[in-house]
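Each chain is listed here by its residues.
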Amino acid sequence: MNPALWTVTALLAAAYLLGGAFKVLVPKARIAAVGASARWVEDFGAGAVKAIGAVEVLAAAGLVLPGLVGVAPVLVPLAALGLVLLMAGAAAVRVRRGEYPLAAVDVLYLLLAAFVAWGRLGPAPFPA
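Below or above, wherever it landed, is the structure these notes cover. (Residues numbered from 1 in each chain as written. Predicted model: local features only at pLDDT ≥ 70, side-chain atom pairs only at ≥ 80, totals over all residues. Heavy atoms only, no water.)

**Some thoughts on the side chain of Lys23**
With respect to the secondary-structure elements, Lys23 resides in helix 1 (residues 2–25). A distance of 2.9 Å separates polar atoms of two side chains, one belonging to Lys23 and the other to Glu56. (Helix = DSSP H or I, 4+ residues; strand = E, 2+ residues; numbered from the N terminus. Polar contact = N/O pair within 3.5 Å; in protein donor to acceptor, adjacent residues only side chain to side chain.)

Structure follows, in structure tokens:
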């Protein structure tokens, strides 16, 4: 169980670190120009897009760092739960916009984050 949790955690952390950094560093107009999957930014102000990106970067750090250094490892499932909430909001935005296939991808990320939260709170917590 522990290797599966670390694998999913690393993949999620990489995805959120890259995606969040992109949102923080790239102007909103350039994000929207990436393609149909990024047009959700049109529904938000530039500051909100940057804030979402910052939350994603912090969540990526929260998924990995506490478990690696052994300091406050309870932050790992809490970061994962935060991502569950973030992705629930993302899926809701996609459904409101009629982007159902993209909402399914958001739900997949939600389920992966829920798996990490469940695993670290239940069957495979970090050693005390």
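**Some thoughts on the packing of aromatic side chains**
Taken as a whole and judged by the stated rule, the model has four aromatic pairs. For the ring pair Trp6 and Phe126, a centre distance of 5.8 Å and an interplane angle of 65° mean the geometry is edge-to-face. Within this pair, whereas Trp6 is found in helix 1, its partner Phe126 is found in the segment after helix 5 (100–121), the two being separated by 120 residues in sequence. The class for Trp6 is partly exposed, based on a relative accessible area of 25%. For the pair Trp40 and Phe44, a centre-to-centre distance of 5.7 Å together with 70° between the ring planes defines the contact as edge-to-face. Sitting over the ring of Phe126, Arg120 keeps its end group 4.1 Å from the ring centre. (Phe/Tyr/Trp six-rings, centres within 6.5 Å; stacked < 30°, edge-to-face > 60°. Buried < 20%, exposed > 50% of the residue type's maximum accessible area, 1.4 Å probe, protein only. Lys NZ or Arg CZ within 6 Å of the ring centre and 35° of its normal.)

**Points about the nonpolar core**
Core analysis: the largest hydrophobic core is formed by 19 residues, its most contacted members being Leu12, Tyr16, Leu63, Leu83 and Val116. Looking at this core, the elements that each hand over two or more residues are helix 1, helix 3 (46–69), helix 4 (75–96) and helix 5. Here this core takes six residues from helix 4, the largest share from any one element. In this structure Val116 touches Leu5, Val8, Thr9, Leu12, Leu63, Val76 and Ala80, once residues within four positions along its chain are discounted. Counting eight residues, the second-largest nonpolar core is a separate cluster that includes Val26, Ala38, Val41 and Val49. (Core = buried A, V, L, I, M, F, W, Y, C linked by side-chain atoms within 4.5 Å. Contact = heavy atoms within 4.5 Å.)

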